[in-house]
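# Fold and geometry: a report
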Amino acid sequence: MTDRRKKQLQRIKKAHIWPSLVGIIIKIAVMTFIMHILLLAYFENIVNMRLADANNNVKNAVEIMEATGNADSMSLLFRYRYLTGMIPEIEGMCRLDKDDNVTESFGTERFDLASFARFNTIEDDDKTAEVYIAQNQDGISFSENEGFTIDVSETIEKYLVSFNPSTLIDVISPSAGWNKEAIFSTDLWYVIDNKQTEGKTAVMYRFSLTREDFGYVIFVYVLLGLVFLVLLVFHSISVFKVVAAKRNIYKILFFDMETGGFNAPHFYKKARKLYRRIKRGISQYAIVNIRLEKYRSLIACYGKSAIETLTDMLYNIISQNAGSKEAFAHMESGDFAMMLEYTSEQELSERLKQLMQQLESVGNGSRLYFNMGVSRVTDAKGDPEEVYNQAYIARASINDENADSINWFSEKLREQQIWERKVENDMQGALERHEFQMYLQPKYTTNGEKVGGAEALVRWIHPTEGFVPPGRFIPIFEKNGFILQLDDYMINEVAKYQAKWISEGKKVVPISVNVSRAHFLNDNLAEHIRNIIDSYCVPHECIELELTESAFFDDKNALIATVKKMQEFGFVVSMDDFGAGYSSLNSLKELPLDVIKLDAEFFRGEGNDERGKLIVTETIDLAKRLGMHIVAEGIETRDQVDFLKERECDLIQGYYFAKPMPTDEFEKCAFS
Ligand code: C2E
Ligand code: CA
Ligand code: CA
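Below is a summary of the structure that appears in this document. All of these numbers come straight from a predicted model, not from anything done at the bench.

## Some thoughts on helix α20 (residues 638-646)
Of all the positions in α20, only Q640, V641, F643 and L644 are classed as buried. One face of α20 carries all of its buried residues, which in axial projection span an arc of 165 degrees. Exposed residues pointing more than 90 degrees away from the buried face of α20 are listed as D639 and E646. Summarising the contacts, the buried residues of α20 are in contact with α19 (609-625), β20 (629-633) and β21 (651-653). One or two positions beyond α20, positive phi appears at E648, with a value near 60 degrees.

Right under this line is the structure:
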């Protein structure tokens, strides 16, 4: 898995959870802030209200003092507005002389309505009361400074500055005990000038927040708590939605669209988990690629939805065959993956064979073909994707699609892969640098045993690998299409040398060149080859084109049309490796060929001598009657030469006479 993909997965995993948590934290912070603002505003309001009341009271008192002229006496008459609730707040009073020294002071622990009742009658009807406080009232005595240094505005400031709701919370907490006492108090002195006499009277008010005030606090807290709860519910719903959305994303990421089962990313994820078991030495694992062959043609025959249903059934069988400590997935098209525990290769192969049988039974009448590639997990720190890829390669290297085989990934296969990479990397440059060389293998006449023709065979003179025979790279080029370029190159080489030799006055012989199956997809193949040959002004009869029977498997009619065109242009067309395939006789019937090249296999194999000879005899006979020439390939012994001579075979190509050779050697061999 690439780093980018890993990061994306991580991001999806984390997505929304952090924003959700941050959301909750922000909400709590905002709620707390609002609560504090509200409480602050409320307490400020209380203080202001009480200050206003106190002012009023003092004003009243001054009015009364002035009106009654009582102020110089040792007693003080206050008229209070009963409703204000401020009477209980007066803490004490004192008399001051003109130098602000305390001359008298008195106070009570707390004035309350009951205290009033002690001294006076309260007139309920007009809600006022006249209070006379006796001269020798017991009470708090005030020190000089305490009494006169506090100024009203300063006190309010102090009050507001020192107001700290957390202190309040502390006080109301049950452990602190709840009582009617003030939980926060501040004192405020009012000084009243006694105009009639020298001196002043000071009255102290105490502003207290009491338990009753906290009713509001509790109300605010409960209200905000409820709001918060509602928000929390909404928030939780949104979090649940996010979780659900994430599950859906996971489904899309890790589930297969076709079967609804696990897909490749899920497989690798689980495989990585199972790797831990390998690391701990608990189990041995192998990864398997299972392929339903001919997937596309099945879709073409039965339709997409039928094959989707089939894939689903196969997936079910595969899932039933996997244990809980094993992994499986539908990778794509007809490919499935499994990661299986195993003790021995034989045991796992047996298990896979049984699975293959189960899978085939799904065909229900129509034959299904499966192939499997297996690769052992050897490196517990490695990447399961790589191992799956090896299993895939092992499966892909099974030649016959219909084989129903199981192939284990091996070192040889790895080397083959590496070689293929190398060939593919080097091929284009090699063509440009002329590393491909044309070798010629002479064909000898049976009467006279002279060079009557030759076949052009390519050799790769690799700068580091040295001499590379075609068997090591032609199949790779056939797979990757480079064979088209290579064959063109060889046709050019043949034409070039023929032109050279003709211009030198040599008596040239026809040279055959191999035309790969892939060329026949080109409708203008005959014209294409003719144009190359014509560019060297070489007579067409000097060139022979060898095609293999396998070209027959493609579009037969196109092949026949091309061959006919080649012949019209004057090229000799031969069928290579005649007898090596399965339908040689058939192609003989339909293809109007000029030459057949008997495959070397006819002359190999011990014990089969007589039968082989019989077939060769009959084939030569048949070909002759069809007006064809015959070339025998791979002839290595004198006996074989004598036999072919007797049967009037036209040409012989084989090591007995000569191996493929470079052009300069061929010149000596053919023209001397
Ligand atoms: P082929 O076309 O059937 O070529 C004949 C092969 O038989 C050649 O192998 C040749 O060296 C070999 N041979 C000839 N006489 C004897 C003999 O007496 N004994 C044995 N054991 N072998 C003999 P080579 O050159 O290795 O080529 C192998 C195959 O590679 C060719 O089979 C052909 O299919 C392919 N090939 C070679 N050059 C080209 C090319 O330029 N284009 C294409 N498309 N294929 C080529
Ligand atoms: Ca050939
Ligand atoms: Ca051949």
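## A look at the sheet that holds strand β12 (residues 406-408)
Across the sheet, which stays open at both edges, the 5 strands sit in the order β9-β10-β8-β11-β12 with mixed pairing between neighbours. Of all strands in the sheet, those with a lone pairing partner are β9 (327-332) and β12, marking the two edges. Shown here is a sheet whose adjacent strand axes are inclined to one another by a mean of 20 degrees, direction ignored. Across 7 bridges, strand β8 (residues 285-292) lies against strand β10 (residues 335-341) in antiparallel orientation. Following the sheet pairing, N289 is matched in β10 by A337. With respect to the sheet, helix α10 (residues 304-320) is in contact with β8, β9, β10 and β11 (370-376), its orientation differing from that of β9 by roughly 160 degrees. In this fold helix α12 (residues 384-396) packs onto β8, β9, β10, β11 and β12, with an angle of close to 50 degrees to the strand it touches most, β8.

## Quick look at the packing of α10 against helix α11 (residues 345-361)
The relative placement of two packed helices is expressed as an angle between their axes plus a distance between the axes. Where α10 contacts α11, the two axes come as close as 10 Å, and the packing angle between them is 150 degrees. Taken together, α10 and α11 sit at an angle that is classed as roughly antiparallel. Note that α10 runs across α11; the crossing there is right-handed. Along the contact surface, α10 presents L314, I317 and I318, while α11 presents L355, Q358 and L359. Split into classes, the residues belonging to the contact of α10 with α11 amount to 5 nonpolar, 1 polar and no charged.

About the criteria used
As a convention, each chain's residues are numbered from 1 in the sequence order in which they are written. Following the order in which they are written, the chains are lettered starting with A and the ligands numbered starting with 1. A pLDDT threshold of at least 70 governs which residues receive local features in this predicted model, and a stricter bar of 80 or more applies before side-chain atom pairs are shown or counted, although totals over entire chains, interfaces and linings include all residues. Hydrogen atoms and water are omitted, and side-chain values are computed over all heavy atoms in the structure. For each residue, the accessible area found with a 1.4 Å probe, counting protein chains only, is set against the maximum for its type, and the residue is called buried under 20%, exposed over 50%, and partly exposed in between. Strands here mean DSSP runs of E at least two residues long; helices mean DSSP runs of H or I at least four residues long; both are numbered from the N terminus. Arc definition: it is the arc formed by the directions from the helix axis to the C-beta atoms. Should any heavy atoms of two residues lie within 4.5 Å, those residues are considered in contact. Paired strands, as defined in this entry, are two strands with at least two bridges between them according to DSSP. Angles run from 0 to 180 degrees between N-to-C directions of axes, and those axes are lines fitted to C-alpha atoms, restricted for helices to the stretch in contact. Just so you know how the angles are binned, under 35 degrees is roughly parallel, over 145 roughly antiparallel, 65 to 115 roughly perpendicular, and the rest oblique. By the definition used in this description, the sense in which the near helix is turned from the far one sets the handedness, with an anticlockwise turn below a right angle giving left-handed and a clockwise turn giving right-handed. Gly counts as polar in this scheme, as do all residues outside two lists: the nonpolar Ala, Val, Leu, Ile, Met, Phe, Trp, Tyr, Cys and Pro, and the charged Asp, Glu, Lys and Arg.

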